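# Remarks on the overall topology
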Amino acid sequence: MDICKDLIGGQWVGASDHGSFETRDPAHVDAVLATFPSATAADAERAVAAAAEAFPGWAATPAPARGAILFRAAELVDERFEEIATTLTREEGKTLAEARGEVTRARDILRYYAGEGWRRAGEVLPANAPSAMLFSKREPLGVVAVITPWNFPIAIPAWKIAPALAYGNAVVFKPASATPLTALKLVECLQDAGLPAGVLNFVTGSGAAVGETLAASPFVGGLTFTGSHGTGAGIYRKATEHFARVHLEMGGKNPTIILDDAELGLAVKLAVMGGFGLTGQSCTATSRVIVEDGIADRFAAALAEAAAALRVGDGLDEGVQMGPAVSADQLATDLDYIAIGKKDGAELLAGGGRAGAGGHFLQPTVFDHVDAGSRLAQDEIFGPVVGIVRARDLDDAIAKANSVGYGLAASVVTDDLRRALTFVDRIEAGVVKVNEPTTGLALQAPFGGFKLSSANTFKEQGPSAIEFYTRTKTVYVTYG
Ligand code: NAD
């Protein structure tokens, strides 16, 4: 078991009198992986103060030099690749193949934003007079608070921290309490790459103590959060009270629409990838499959068969295709929704129960004839529970797809170009795909949801990140 520390002002600090908390392996619930300090509001304030002190020096560091540190951090992630991926599986539960994919992504994100050190910095505009210049320059916000969920414990911190640092901000990072060990390894790689003291601070602890302090701090210029809608809404109110810039990415209830002409094998493959990949614990997971009547019986039977055939177990074991739920709480939520689905009259086609002892294992679960307005079809579950909703035609499918509060990701399976592009036009989601699973994102593309999935302020990732992590200053110069 590792006894881990926080990082404040360049110093590694252990648990204070306020104690520590444990993280556990969801595949072996008796195994404690690590302990972390239960940081207090005062610790979070100290971290913000350290970041504020380090900020001017970091902002004044030439952007290519900041980028060089991110490049070095990417190399360190590569050197520690298997150690980090294994830790991720042991802490979050996803399979080793999925964990390797996530670590690869985090490394590539570091490289992408390292390159930003050599790219755009502002815009020159035509001046209104001779011998004059008019331009805008981009500046960092100052201290950026980063609050992240447990389901992508290295990729999400990387896609927030890397652009924050690349554009010259100092960071206070609060990871999810279920997965701080994986997050710590990213922090170590960045710190070991040569970040000056205080530029990146790592504070573990509860949302109430650490998270709320960051949201309420008047010294935080920008706050970026990924997590559930309920938490995000509270953070938004707190942070906007002092006019911090806020970016929130939250839940989803993502549909895949399967039209009559879809190739059955492809449709099933995409629903399995989107619904059961990452144990359904992805914000973009496919939790609803909306199927046109003509293909619905064949699709439902084939999806149930594919779900039942998936091998569930410890993500480190060879051949395991789906890991456990992250925690006892998440498993209980999944089981509650299975009970709700049965009670509401949906037809259970596959799974529905625990899948083995010792860990938070759940069978991949498929319900058919799910009412589009029922809780199974409306609420984010965040587990491997897929509901099939039947639809008369494309109009009916789109109306059902759009009938939820969320609007994160959506996909359609069809070879009919006209219907595919009608779906693209009319679906209410920030990420829209044709013949792809709802999950899976390219790091160079903007990402963000509509409706309750987002604060609808900024997108993140790729070229969008600069919009959140910098502010523009307009400069008038006359030299005539
Ligand atoms: P969560 O909202 O419970 O926690 C997210 C983070 O907020 C954690 O670090 C937590 O400690 C912190 N927090 C909790 N209470 C807080 C408070 N009062 N003030 C400040 N911070 C607080 O979410 P989770 O269970 O870790 O993650 C699952 C959720 O994240 C799902 O809803 C999922 O859809 C969402 N998610 C969204 C995206 C996206 O990009 N849209 C990506 C991944 C996950």
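Residues numbered from 1 in each chain as written. Predicted model: local features only at pLDDT ≥ 70, side-chain atom pairs only at ≥ 80, totals over all residues. Heavy atoms only, no water.

Looking now at the sheet that holds strand β16 (residues 365–368). In space, the seven strands of this open sheet follow the order β15-β16-β17-β14-β13-β19-β20, with mixed pairing throughout. The open sheet has two edge strands with one neighbour each: β15 (347–350) and β20 (431–434). Mean inter-strand twist for the sheet, computed between neighbouring axes without regard to direction, equals 20°. Direction of pairing for strand β19 (residues 409–413) relative to β20: parallel, over a ladder of four bridges. Across the sheet, Val 412 pairs through a bridge with Val 434, a residue of β20. (Pairing = 2+ DSSP bridges. Helix = DSSP H or I, 4+ residues; strand = E, 2+ residues; numbered from the N terminus. Axes fitted to C-alpha atoms, helices over the stretch in contact; angles between N-to-C directions.)

Among the five residues in strand β9 (residues 170–174), five count as buried, and that is most of the element. Of the two faces of β9, the one lined by Ala 170, Val 172 and Lys 174 and the one lined by Val 171 and Phe 173 are each fully buried. Pairing between strand β8 (residues 143–147) and β9: five bridges, direction parallel. Considered in β9, the bridge of Val 144 is made with Val 171. In terms of handedness, the path from β8 via helix α5 (residues 155–166) over to β9 forms a crossover that is right-handed. One ladder, built from three bridges, connects β9 with strand β10 (residues 200–202); its direction is parallel. Bridging across to β10, Phe 173 finds its partner in Phe 202. Note that the unit made of β9, helix α6 (residues 180–192) and β10 has a crossover that is right-handed. (Buried < 20%, exposed > 50% of the residue type's maximum accessible area, 1.4 Å probe, protein only. Right-handed = clockwise from strand over helix to strand, strands pointing away.)

Here we have three strands laid out as an open sheet, ordered β1-β5-β4, and mixed in their pairing. With partners counted over all chains shown, the strands left at the sheet margins are β1 (2–3) and β4 (20–25), one partner each. Across the sheet, helix α3 (residues 81–92) lies against β4 and β5 (28–37), angled at about 100° from β4, the strand it touches most. Of the strands in this sheet, β1, β4 and β5 touch α6, which is tilted by about 45° from β5. (Contact = heavy atoms within 4.5 Å.)

The next subject is the packing of aromatic side chains. Counted according to the given criterion, the structure contains nine aromatic pairs. Here the aromatic rings of Phe 173 and Phe 202 are separated by 5.6 Å at their centres, their planes lie at 50°, and the arrangement is tilted. Taken as a pair, Phe 173 in strand β9 and Phe 202 in strand β10 lie far apart in primary sequence, 29 residues in all. Judged by relative accessible area, which is 0%, Phe 202 ranks as buried. A connected cluster of aromatic rings, assembled from ring pairs, spans Phe 21, Phe 36, Phe 173 and Phe 202. Here the guanidinium or amino end of Arg 119 rests over the ring plane of Tyr 112, the centre of that ring lying 5.6 Å away. (Phe/Tyr/Trp six-rings, centres within 6.5 Å; stacked < 30°, edge-to-face > 60°. Lys NZ or Arg CZ within 6 Å of the ring centre and 35° of its normal.)

This brings us to α5. With 12 residues, α5 should reach 16 Å at 1.5 Å per residue; the first-to-last C-alpha distance of 16 Å fits that figure. The element α5 is extensively covered by neighbouring structure, given that 12 of its 12 residues are classed as buried. Immediately beyond the C-terminal end of α5, within one or two residues, lies Gly 168, with a positive phi of roughly 100°. (Expected span 1.5 Å × (residues − 1).)

It is worth spelling out unusual backbone geometry at this point. Phi is positive for Thr 279, which is not a glycine, with a value near 60°. Relative to the assigned elements, Thr 279 resides in the loop between α9 (264–276) and β14 (286–292). On the accessibility criterion, Thr 279 (2% relative accessible area) is buried. A positive phi angle, close to 55°, is found at Asn 435, a residue other than glycine. Mapped onto the elements of the fold, Asn 435 is located in the loop between β20 and β21 (450–451).

Looking at the assigned domains, one finds that the chain contains domain 1 (2–250 + 455–478) and domain 2 (254–434). A straight line from the C-alpha centre of domain 1 to that of domain 2 covers 32 Å. At the interface, 22 residues of domain 1 touch 24 residues of domain 2. For the pairing of domain 1 and domain 2, the buried interface totals around 1800 Å² over both sides, and the portion due to carbon and sulfur atoms is 63%. In terms of surface lost to domain 2, no three residues of domain 1 exceed Pro 26, Ala 27 and Trp 150, which account for 25% of the buried area on that side. (Domains from an automatic or database assignment. Buried area = accessible area lost by both parts, 1.4 Å probe.)

Here we take up the pattern of salt bridges. Summed over the entire model, instances satisfying the criterion amount to 31 salt bridges. Between Glu 460 and Lys 160 there is a salt bridge, with the nearest N and O atoms lying 3.0 Å from each other. On the criterion of sequence distance, the pair formed by Glu 460 in the loop between β21 and α15 (465–469) and Lys 160 in helix α5 is long-range, its members being 300 residues apart. (Salt bridge = Lys/Arg side-chain N within 4 Å of Asp/Glu carboxyl O.)

This part takes up the site of the ligand. Taken together, 26 residues lie around the ligand, and Thr 148, Ser 228, Thr 231, Met 250 and Glu 380 are the ones closest in. Interatomic distance of 3.4 Å between a backbone N/O atom of Gly 227 and an oxygen atom of the ligand. Measuring from a nitrogen atom of the ligand, one finds a backbone N or O atom of Met 250 at 2.7 Å. Here the ligand, which alone exposes 850 Å², has 86% of that area covered by the protein. When residues of the shell around the ligand are traced back to their parent elements, those giving at least two are α7 (207–216), β11 (222–226) and α8 (229–241). Here the shell around the ligand spans two domains, since at least three of its residues come from each of domain 1 (2–250 + 455–478) and domain 2 (254–434). (Near = heavy atom within 4 Å. Polar contact = N/O pair within 3.5 Å; in protein donor to acceptor, adjacent residues only side chain to side chain. Areas by Shrake-Rupley, 256 points an atom, 1.4 Å probe, with all protein chains shown as cover.)

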